[in-house]
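Survey of secondary and tertiary structure
Spelled out from the first residue to the last, the chains are:
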Amino acid sequence: IAGLISPWNLPLYLLTWKIAPAIACGNTVVAKPSEMTSVTAWMMCKLLEKAGKGCDDSLPFFPSGVPPGVVNVVFGTGSKAGEALVCHPDVPLISFTGSTLTAQRITEKSAPHCKRLSLELGGKNPAIIFDDADLSQCIPTTLRSSFANQGEICLCTSRIFVQRGIYNEFVKRFVAEAKKWKVGNPSDPTVSVGALISKEHLEKVRNYVEKAQAEGARVLCGEGVDSLVLPADNQKGYFMLPTVIAEVKDESKCMQEEIFGPVTCVVPFDTEDEVIERANRVKYGLAATVWSSNVGCVHRVARRLQSGLVWTNCWLIRDLNLPFGGMKASGIGREGAKDSYEFFTEVKTITIKH
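Everything in this summary refers to the structure shown in the same document. Keep in mind that this is a model prediction, so the values were computed, not measured. Sequence order sets the numbering: in each chain, residues are counted from 1 along the sequence as written. Where local features are concerned, this predicted model is filtered to residues with pLDDT of at least 70; where side-chain atom pairs are given and counted, the filter is 80 or more; whole-chain, interface and lining totals use all residues. Side-chain measures here rest on the full set of heavy atoms in the structure, leaving out hydrogens and waters.

Some remarks on the overall build of the protein chain
Each helix is a run of H or I in the DSSP string that is no shorter than four residues. Each strand is a run of E no shorter than two, and both are numbered from the N terminus. Counting its regular elements, the protein chain contains 11 helices and 15 strands. Values of the radius of gyration come from C-alpha atoms, whereas the globule rule sets the reference at 2.2 Å times the count of residues to the power 0.38. By the compact-globule yardstick of 20 Å for 354 residues, the protein chain fits well, its C-alpha radius of gyration being 22 Å. Across its three principal axes, the protein chain shows a C-alpha extent of roughly 70 × 60 × 35 Å. By residue count, 49% of the 354 residues in the protein chain fall in the buried class. Contacts were defined at the residue level, with two residues in contact if any of their heavy atoms lie within 4.5 Å. Of the contacts made within the protein chain by residues no fewer than 6 positions apart, 70% connect residues no fewer than 24 positions apart. Surface exposure of the protein chain reaches about 17,500 Å², of which carbon and sulfur atoms provide 56%. Charged side chains of the protein chain number 39 positive and 37 negative; the gap between the two group centres comes to 2 Å. Residue exposure (1.4 Å probe, protein chains only): buried if accessible area is under 20% of the type maximum, exposed if over 50%, otherwise partly exposed. In this description, accessible areas are obtained by the Shrake-Rupley approach with a 1.4 Å probe, and a residue is regarded as covered only by the protein chains that are shown. Charge convention: Lys and Arg are scored as positive, Asp and Glu as negative, and His as well as the terminal groups of each chain are ignored. Charge placement uses NZ in Lys and CZ in Arg. For Asp and Glu, CG and CD serve respectively.

This is the structure we're talking about:
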């Protein structure tokens, strides 16, 4: 029995990402989706129920659908439903995607049962842009890596290090393009940024911007600088403009903590060694991007970055056969193809004398 706990930011994607390899390896699952995005999980249950009608248990791999009891979904809060799943003695492994703080509690609660854990946690992901980068490719991709899904993706870029020779040009062009991103109802095809998940989360993200300003940083566009114009039907929604912050210190909370919103910080650097040391100077180590036309530089930097995933001259190019996971406070273990197979199965040694 595999216990699967998924977050609210990519609710269907991250839930199915766990369920598929678990049942492919012959397990049954008990999944606990986020209480903030339970509708998509409920819709998936209805589809699985429909697919399972009339299945023949004598056939392998469920050709006629998913039999009852193979995929089970429990709705509720993390403190009740999630904790009950983590503490249950008959659930030997837990796959969790979410915050580092919650993962610490899962680790503590599961320790008495010696459970196997796969923890995919937060990130404070750097983009490192050298002065020989192709800005015509780098800027639109870095906008996406900063603000896609309102910045509510663990892989989003929230620290942008730009080599000093192109810093001013990059900032000018980056801010100009960020201002073009339209905020509003995501069902509108012209909209790039939808609402954040909740009022509380919006206030948390705004608070980071206020803290940065109090520390002497400068907001170049977005929150508190530009006017947010919304359609009448969306006036009470939890919307926020893409926000770019400059002149922020590495020790700032905005540079150290996961904001998980449409906010990114842009700072200059001088040398390769310097930027690697600064990029690694956080507790997280999930993802990073490196922009350079120098192949040797790309390889050197990618090797030295403390990140489970490094994209070079691109972002979010995924192959599901490759390992996915982070270092340090960004997680334990890897999932994806071979790694998922090893996590969702047990190796057994059988010796037979005859």
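Having seen the structure, we can now continue with the description.
Here we look at the sheet that holds strand 6 (residues 125–129)
Pairing between the strands of a sheet is mediated by backbone hydrogen bonds and can be parallel or antiparallel. Two strands make a pair as long as DSSP finds a minimum of two bridges between them. The mixed open sheet is built from seven strands, whose spatial order is 8-9-10-7-6-12-13. For this open sheet the edge positions go to strand 8 (218–221) and strand 13 (309–312), each flanked by a neighbour on one side alone. Sheet twist, expressed as the mean angle between neighbouring strand axes with direction ignored, is 25°. Pairing of strand 6 with strand 12 (residues 287–291) involves three bridges; the strand directions are parallel. Here, axes are lines fitted to C-alpha atoms. For helices the fit covers the stretch in contact, and angles between N-to-C directions go from 0 to 180 degrees.

Some details on the sheet that holds strand 2 (residues 29–32)
Here six strands make up an open sheet; going across it, the order is 3-2-1-4-5-15 and the pairing mixed. Each of the sheet's edge strands pairs with one partner strand only, and the pair in question is strand 3 (71–73) and strand 15 (331–332). Pairing of strand 5 (residues 116–120) with strand 15, which is carried by two bridges, proceeds in the antiparallel orientation. Bridging across to strand 15, Glu120 finds its partner in Gly331.

Digging into the packing of helix 3 (residues 78–87) against helix 4 (residues 100–110)
Contact geometry of helix 3 with helix 4 gives a least axis separation of 9 Å together with a crossing angle of 40°. Comparing their axes, helix 4 and helix 3 come out oblique. The crossing of helix 3 and helix 4 is right-handed. Together, Glu83, Val86 and Cys87 of helix 3 and Arg105, Ile106, Lys109 and Ser110 of helix 4 make up the contact between the two elements. Partitioning the contact of helix 3 with helix 4 into residue classes produces three nonpolar, one polar and three charged. Angle categories: roughly parallel below 35 degrees, roughly antiparallel above 145, roughly perpendicular from 65 to 115, and oblique for all the rest. Each helix crossing is assigned a hand: it is left-handed if the near helix lies turned anticlockwise from the far helix by less than a right angle, otherwise right-handed if that turn is clockwise. Under the scheme applied, nonpolar residues are Ala, Val, Leu, Ile, Met, Phe, Trp, Tyr, Cys and Pro; charged residues are Asp, Glu, Lys and Arg; polar residues are all the others, including Gly.

Considerations on helix 9 (residues 272–279)
It helps to recall that an α-helix has 3.6 residues per turn; residues three or four apart then point in one direction. Turning to helix 9, its buried residues number three or more, namely Glu272, Val275, Ile276, Arg278 and Ala279. For helix 9, the angular spread of buried residues about the axis comes to 165°, placing them on one side. Contact partners of the buried residues in helix 9: strand 6, strand 7 (157–163), strand 10 (263–269) and helix 10 (295–304). Residues adjacent in sequence count toward polar contacts only when both atoms are side-chain atoms; beyond that, a polar contact is any pair of N or O atoms within 3.5 Å, and within protein one must be able to donate a hydrogen and the other to accept it. N-cap assignment for helix 9: the residue whose side-chain oxygen lies 3.2 Å from the backbone N of Glu274 is Thr271. Arc definition: directions from the helix axis to the C-beta atoms.

The values are spatial; any link to function lies outside them.
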